Amino acid sequence: MSLLPRLKSRLERVWPTASLRTYLFAMMLLATLPTALLMSVQRVGEIRGQQARIEDELTGSAAALAASVDRQLRSSLEGLQVLAQSELFQQGRIAALGRLLHGRPRGDWDSVFLLDRQGAVVLDTGQRRDKATSEVLRSLHRQVLRGEPAVSGLSEQVPGHRWTAVAVPIVQNGQVRYVLGARMDESVWQWLSTTARRPGAAKAAVFDAQGRLLGASAAFVPHGAALPQDAAAEMTRTPAGVHRSSDVDGSAVYAAWRTSPLSGWRVRISVPAAPIDAADRRAIGTALATSGGSLLLGLLLAALVARRVAHPLRQLAADGGAGLPDHMAVREIAALRDALSAAREQDAAAHAALQAKAQEFETLFASSPVGMAFAQDPACRVVAHNAAMDALIGPPGSAGADGVRMLHQGRELTPAEQPLQRAAALGETISGLELELAAEGRSSTFVIAHAVPLRDERGRPRGALSAFVDITERKRAEERLRATDRQMALAQEVGHVGFFHYLFDADRLCWTPGQCKLFGIEALPVGRLADWLGRVAEEDRERVEREFWTACALRQEKETLNYGVRRPDGSLRWLSSRVMLQYDASGRAARLVGVTLDVTDQVSTERERAKLTERAVAAQQEAEAASRAKDEFLTMLSHELRNPLSAISAAVDVLETAQSDSNVAAEARLIIARQTRNLAHMLNDLLDVGRVIAGKILLARQPVNLAALVQRVEETLALTGEAAAHPLHLRLQPVWVDGDPVRIEQVVTNLVTNAIKYTPAGRPIRVGASREAETAVLEVQDAGMGIPPALLPRVFDLFVQGERGLDRRAGGLGIGLTLVRRLTELHGGTVEVQSSEEGSRFTVRLPAIPAPQEQRDGTAPPVRRRQVLVVEDNGDVLAALRAKLELDGHSVSTAADGVEGLQCLLRLKPEVSIVDIGLPGLTGFQLARHARAAGYAGRMIAMSGYGAERDAREALVAGFDAFLVKPVDRAQLRASLGAG
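Residues numbered from 1 in each chain as written. Predicted model: local features only at pLDDT ≥ 70, side-chain atom pairs only at ≥ 80, totals over all residues. Heavy atoms only, no water.

**Some details on the nonpolar core**
What counts here: Here, nonpolar core means buried Ala, Val, Leu, Ile, Met, Phe, Trp, Tyr and Cys residues that are tied together by side-chain atoms lying within 4.5 Å of each other. For every residue, the accessible area obtained with a 1.4 Å probe (protein chains only) is divided by the maximum for its type, and the residue is called buried under 20%, exposed over 50%, and partly exposed between those limits. Each helix is a run of H or I in the DSSP string that is no shorter than four residues. Each strand is a run of E no shorter than two, and both are numbered from the N terminus. Only heavy atoms enter the contact rule, under which two residues are in contact if any of them lie within 4.5 Å.
Counting 45 residues, the largest nonpolar core has Leu65, Val69, Val166, Leu180, Trp189 and Trp265 as its most contacted members. In terms of residue count, the dominant contributor to this core is helix H2 (residues 20-84) (11 residues). In this structure, Val69 is in contact with Trp189, Leu192, Val206, Trp265 and Val267, ignoring residues within four places of it in sequence. Formed by 36 residues, the second largest nonpolar core is a distinct cluster that contains Val780, Leu791, Leu819 and Phe842.

**Digging into helix H6 (residues 186-195)**
Condition: Throughout, the arc means that of the directions going from the helix axis to the C-beta atoms. Distance and chemistry together define a polar contact, namely a pair of N or O atoms within 3.5 Å, with one atom able to donate a hydrogen and the other to accept it when in protein, and with adjacent residues in sequence counting only for side-chain atoms on both sides.
Every buried residue belonging to H6 is among Glu186, Val188, Trp189, Leu192 and Ser193, and all of these are buried. Relative to the axis of H6, the buried residues are bounded by an arc of 155° and lie together on one face. Near the N-terminus of H6, the side chain that reaches the backbone nitrogen of Ser187, with its oxygen 3.0 Å away, is that of Asp185.

**What about the packing of aromatic side chains?**
Note on aromatic pairs: each is described by the distance of the centres and the angle between the planes. Keep this limit in mind: Classification of ring pairs uses Phe, Tyr and Trp, with its six-membered ring standing for Trp, and accepts pairs whose centres are within 6.5 Å; under 30 degrees between planes counts as stacked, over 60 as edge-to-face, and the remaining range as tilted.
One pass over the structure, following the stated rule, counts 9 aromatic pairs. Judged by centre distance (6.2 Å) and plane angle (10°), the ring pair of Phe504 and Phe548 falls under stacked. One end of the pair, Phe504, is in the loop between strand E19 (497-503) and strand E20 (508-511); the other, Phe548, is in helix H16 (residues 538-553), and 44 residues separate them in sequence. No difference in accessibility class separates Phe504 from Phe548, as the two residues are buried.

**What to know about unusual backbone geometry**
Even without glycine at this site, Asp507 takes up a positive phi of about 50°. By the element assignment, Asp507 lies in the loop between E19 and E20. For Asp507, a relative accessible area of 31% translates into the label partly exposed. Look at Lys909: it is not a glycine, yet its phi comes out positive at around 45°. Summarising the element assignment, Lys909 is placed in the loop between helix H23 (898-908) and strand E33 (912-916).

**Regarding the confidence of the model for the protein**
The criterion, for reference: pLDDT measures the predictor's confidence residue by residue and takes values from 0 up to 100.
Per-residue pLDDT for the protein has a mean of 79; in total, 79% of the residues score no lower than 70. Taken element by element, the predicted model of the protein shows its lowest mean pLDDT in helix H11 (residues 399-403) (61) and its highest in strand E31 (residues 867-871) (94). Taken as a whole, residues 855-861 scores under 50 in pLDDT and shows 2 contacts with residues more than four places along the chain or in a different chain.

**A look at empty space enclosed by the protein**
What counts here: With a 1 Å grid laid over protein atoms only, a set of points is called a cavity when a 1.4 Å probe fits there but cannot get out and a pocket when it is open yet has protein on both sides within 12 Å along at least five of seven lines; lining residues have an atom within 4 Å of a point. Grid points are joined across faces, edges and corners, and a volume is the space filled by probe spheres set on the points. Any residue that is not Ala, Val, Leu, Ile, Met, Phe, Trp, Tyr, Cys, Pro, Asp, Glu, Lys or Arg is counted as polar, Gly included; the first ten are nonpolar and the last four charged.
Tallying each qualifying case throughout the model produces 2 cavities of 30 Å³ or more. If you add up the space inside the largest cavity, you get close to 50 Å³. Forming the boundary of the largest cavity are Ile744, Val747, Leu778, Leu823, Thr824, His827, Val844 and Leu846. For the lining of the largest cavity, the secondary-structure elements that each account for two or more residues are helix H20 (741-757), helix H21 (816-826) and strand E30 (839-849). Here the lining of the largest cavity is built from residues that sort into 6 nonpolar, 2 polar and no charged. Looking at the second largest cavity, its volume works out to about 40 Å³. As for the second largest cavity, its lining consists of Val710, Val713, Glu714, Leu717, Leu728, Leu730, Val748, Val752 and Val767.

Following this line, the structure appears as structure tokens:
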């Protein structure tokens, strides 16, 4: 038996038996007594509430006074901080600062003092030197050295003159150098105590950290009085509180105190306790008297009422109320009488209804499509089945019922574990238990089992009722659905497709396995929108979120989101999610469904196509640029060729009219020679740059003194007059390189002539050669306007030139710097350029070598007079070449075509023959082969307007000994003739 029934049974046995009158008296007593007690408790509560209000007022006053004390102290500390920032203090003018502060610098300050780091007094406007003052200052000094402001306690310098002090550190160069402080007279705290807000006749007082009285209200005791030890000890133990204690005069008070965290001082607000205690006693006495009177009056009234109730009840109990009058003073007794009569009628009706219910239940039990079983005892010995249950497991006790096995999650249940037996024997309620009913000779049946116990009056199980709901069709449908899901998952895996849906209000996201696989994960355990967006590649995340929420804001029904996903293995896949959005009645997004496709292959193809398109566009632009450069080059070439040809034509006109020995004729000859060199230099550069780009330059390497080569270039420019308008400043150190002297001279010449083109007349050009570690360095510095930043990266490209004016003074074909770079790279070196508004500096770096032991004499041997045959189809060239040779003393014969030239060659057998390659009749190559085959052993020199390396090699194969490129200057001609 449980505890509650046992307690109830015992109470019924010991409950006294008494008359109704007694119980009415007891009821009145019990009804009045709680009221009296409640009034007393309420009064006590009011008394305590009054005390709490007093305590709150005291606490609030103490907090306000403590805040006033803290504000006063903080104001002084802030004043000291401001004083420390004054110009006099920062400049170290302490004496001037003392004169300024003499007297009372602030109304609440008595004086100001300054201590150094060792504690010595540097300044004291109060001029105090007594022992008590020194002790206070030392204490403040020790505290402030720790880097924090400090507040002292009460100090009495002379009887009747009491003060406190505050001090702040002055930090310089990371350490405390001075301690600046101010004294405050006790009148400050006396004034604060007097003006403090306090209730009624309350007293206010301020104590320092040692419990010494700093100030008190006018009603307080004189200075020197001390609090009782219990009150002082209580204030020391806790920083704030309220208690009942003795005052300094021994009277009882209620006091609240609070400790200042800034200074450790305490404030105390107290009121006399006697008036408060007297009022409480009067209130309690009144409450008790009221309660007693109420109780006595209630008992008298109960006696009167009892007489009107007890008599009818006795008669009702004796004869059932048959003799009671129709009108009753007590309505409940009349109701009881009527209820007894109605109860007899209801008993008869209830019996008839119960019989009908039993019949209805029996009908429901027998005809219900839900299998039902009814056990009439805890052991389930007597069990009744309806027809539906018989169809599931067979009639009770039949062979069919005994052959049916109940399985739960594949495990067979014992009879004691079956739902009906558990409910009947153990009193368990079984709900929603899924079972499989298996029997031989038929397919399994699946049911949902429920069972509830039937209990007796004591709550113990006395049987049970169970119900089996057939869910076989549902299970088969679920199996078909799972099969469909497996087929869909396989389709998603094969087709790289995933499906998902999302509920906005619940923030619930569901992914199919195919969707998870696209993101490289096994499953999505906690589905939220952030789980999807967080897996988008970081570079696409912001864009995808913006597109998604924009579609929601615009209430779009469909949206396609394309983005990348960085999978756990580090691979980047491109996905395309197509979503369909649904909205609620208010227009808010409520639900979305979507499908995701792997579009990595398509994106890769599109990007590759874009790259190909970009390369095609770049190639087209490059081709267009090359075409424009070609057009500009041809335009420039025509201009550059016309200039020297015009000069030569004008000089020829002069020679035709002027005397041969006149100065005008001499100047014309110089013009022709200079412009011929220009044309030759231009053509050589064109041919050289073509050979360099094609990789057909062959270097004749030998040790070359870079400094001597620069001097030779300077001498050549001086002779030709090209550098006449610019002073050349040379800074040369002997440095040797392994290279082709002709090509290196070509590099130096192009750099210097380029500097001459872009440097205004009169400005210097600086050329230097030096050695840095294992590198030979050539520097050419001009004084022009510099290279535009946009042009600087392309300055070494072919046909690229800076802006030029209409005067074309800084002319050229734009190939010189390209030739410089290619020739430098062929020698294993580098070239770079720096440019500013003051000019440009080109720097060539070549591998340096040690100086050779012996230097060969480069002086050309004198040319002896020879018999020379010249074969040339151009009459002007032939005449000019013949004149050059005859002026050097050679005997010259000529021929105008290849056939005539071969005949003259075999007939005259000259020492040297100069043959043009492009001849009519026989080419120069054919002429040489025939001549060598006929036994001609003289020196043969090929001459051509083409300077390709291929032509030079073919000439040597044909039998020529040397190859000259038109136009041929006198030095080259002499060298070729003297080589034999």
